[in-house]
Amino acid sequence: MNISDLAELTEAKIVVGDPKDPIQIERAFSSDFMSDVLTLENHMLVLITGLANLQLIRTVEMADIPVVLLCRNKKATQEMIELAKEIGIILLESPFSIFRASGVLYQNGIKPVY
Amino acid sequence: MELKFDIVGGDFNLAGRASSKIKKVLKQLGIDPKIIKRIVVAVYEAEVNVVAHSVGGRLFAQINSSEINVRVVDDGPGITNIEQAMTVGFSTASKEVREMGFGAGMGLPNIKKNTDEMTIESELEKGTSLSFTNRF
């Protein structure tokens with residue numbers, strides 16, 4: 001799934017990144033717990049989360065996760081936006097709950113990590 | 001090459017600076033991305049541990065052509081029971097730390113999982129010293 005489809009399906013706004021980015025997302029992981037995110041081995045996934053702080057961006061940087069979907073109407077802070085730009089993370093904001101965003105993406109072919 | 005970083009206890013906004021810098025250096029050296037990920041996840045977990053559980057400390061990374069050695073020392077308060085701290089799911093993290101997305105009791109076990117060698121020593125009221133090695 002490409003970024004513009006991901007954004008459209010979750011009614012998300014792309015805060016950092018190019019809607020025409022060639023990246024293809026195959027899997028997703030939903031968590032507010034960064035400790036769990038750091039145990040993942042899969043790459044090329046979207047992290048669906050309601051946690052909006054700088055450590056979220058640092059965590060995805062270390063875990064090699066290229067795309068983050070902020071849910072529950074959470075907004076990225078200016079610091080998060082700047083760090084995401086510097087690292088090259090694609091950051092989106094969706095008004096959906098984590099459950100709804102996960103469900104919609106699953107229904108459209110995104111696979112779970114496990 | 002030796003890199004040194006100060007880690008400030010309690011300041012989550014600074015956690016990740018050392019791992020981010022080490023990631024950049026390892027990328028420049030052309031190390032396999034899968035190995036880089038293992039290393040930086042371990043370094044980041046160690047940084048977060050110092051921020052979340054100690055009054056502060058230092059991180060030293062020595063990199064040569066075949067391996068990286070990382071040593072993280074803090075100035076206390078030390079770990080009461082290391083065996084317990086190594087158990088998946090055991091955590092003494094505060095509510096504030098959990099609200100930051102950490103404190104699931106995964107840190108030390110995840111460092112062990114992602115490194116080739118790991119040792120940890122701790123003395124109550126003195127501090128903790130964690131060392132690990134990853135070969136390229």
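Quantities reported herein were computed from a predicted structural model and do not represent experimental measurements.

## Details of the overall build of chain A
Along the backbone of chain A there are five helices and six strands. Counting from the amino terminus, helix and strand elements in chain A follow one another as α-β-β-α-β-α-β-α-β-α-β. By its C-alpha atoms, chain A is 35 × 30 × 25 Å across when sized along the principal axes. The proportion of buried residues among the 114 residues of chain A is 44%. Pairs at least 24 apart in sequence give 55% of the contacts found in chain A among residues at least 6 apart.

## Things to note about the overall build of chain B
When helices and strands are tallied, chain B shows five helices and five strands. Traced from its N-terminal end to its C-terminal end, chain B shows the element sequence β-α-α-β-β-α-α-α-β-β. Its C-alpha atoms give chain B a radius of gyration of 14 Å, near enough to 14 Å, the size a compact globule of 136 residues would have. Once the C-alpha set of chain B is aligned to its principal axes, its extents read approximately 40 × 30 × 25 Å. Taken over 136 residues, chain B has a buried fraction of 40%.

## With respect to the sheet that holds strand β4 (residues 67–70) of chain A
All names here are of chain A. Read across the sheet, six strands follow the order β1-β5-β4-β3-β2-β6 without closing on themselves; strand pairing throughout is mixed. Since the sheet does not close on itself, it has two edges, and those belong to β1 (13–16) and β6 (111–112), each with one partner. Pairing of strand β2 (residues 27–30) with strand β3 (residues 45–49) involves four bridges; the strand directions are parallel. Counterpart to Arg27 in the pairing with β3 is Leu45.

## A few points about the packing of helix α3 (residues 54–62) of chain A against helix α4 (residues 78–87) of chain A
Packed helix pairs are specified by the crossing angle of their axes together with the interaxial distance, meaning the distance between the axes. All names here are of chain A. Two elements in contact, α3 and α4, have axes whose closest approach is 8 Å; the angle formed by their N-to-C orientations is 15°. Relative to α4, α3 is oriented roughly parallel. In this structure, α3 meets α4 at a crossing whose hand is right-handed. Taking contact as the criterion, the partners of Leu54, Ile57 and Glu61 in α3 are, on α4, Glu79, Met80, Leu83, Ala84 and Ile87. The residue makeup of the contact of α3 with α4, split by class, is six nonpolar, no polar and two charged.

## Some remarks on the interface of chain B and chain A
Counting from both sides, the interface comprises 18 residues of chain B and, opposite them, 17 residues of chain A. Put simply, the parts of the chain that give the side of chain B that touches chain A at least two residues each are α1 (17–28), α2 (33–53) and α5 (107–114) of chain B. When residues of the side of chain B that touches chain A are assigned to their parent elements, the largest contribution, five residues, is made by α2 of chain B. Taken together, the residues of the side of chain B that touches chain A sort by class into nine nonpolar, seven polar and two charged.

## Quick word on the environment of Ser97 of chain A
Residue and element names in this part refer to chain A. Note that Ser97 resides in the loop between β5 (90–93) and α5 (98–107). Exposure remark for Ser97: the 14 C-beta atoms within 10 Å place this residue in the partly exposed category. Residues Ser97 and Ser31, 66 residues apart in the sequence, show an inter-C-alpha distance of 12 Å. For Ser97, the residues in contact, after removing those within four places along its chain, are Cys71 and Arg72.

## A few points about the nonpolar core
In this structure, Val46, Val68 and Leu69 of chain A together with Val43 of chain B are the most contacted members of the largest nonpolar core, which totals 72 residues. Take this core: its biggest share by element is 12 residues, from α2 of chain B. Non-local contacts of Val68 of chain A, meaning those with residues more than four positions away in its chain, are made with Leu47, Thr49, Leu56, Val60, Ile89 and Leu91 of chain A.

## Examining the confidence of the model for chain B
Any region with low pLDDT has predicted coordinates that should not be read closely. For chain B, per-residue confidence averages 95 on the pLDDT scale, and 100% of positions sit at 70 or higher. As a predicted assembly, this complex carries a pTM of 0.94 together with an ipTM value of 0.92.

Conventions adopted
Residues numbered from 1 in each chain as written. Chains lettered and ligands numbered in written order. Predicted model: local features only at pLDDT ≥ 70, side-chain atom pairs only at ≥ 80, totals over all residues. Helix = DSSP H or I, 4+ residues; strand = E, 2+ residues; numbered from the N terminus. Buried ≥ 20, exposed ≤ 12 C-beta atoms within 10 Å, placed from the backbone. Contact = placed C-beta atoms within 7 Å. Rg over C-alpha atoms; globule rule 2.2 N^0.38 Å. Pairing = 2+ DSSP bridges. Axes fitted to C-alpha atoms, helices over the stretch in contact; angles between N-to-C directions. Parallel < 35°, antiparallel > 145°, perpendicular 65-115°, else oblique. Left-handed = near helix turned anticlockwise from the far one by under 90°. Nonpolar A, V, L, I, M, F, W, Y, C, P; charged D, E, K, R; others polar. Core = buried A, V, L, I, M, F, W, Y, C linked by C-beta atoms within 7 Å. pLDDT = per-residue confidence, 0-100.

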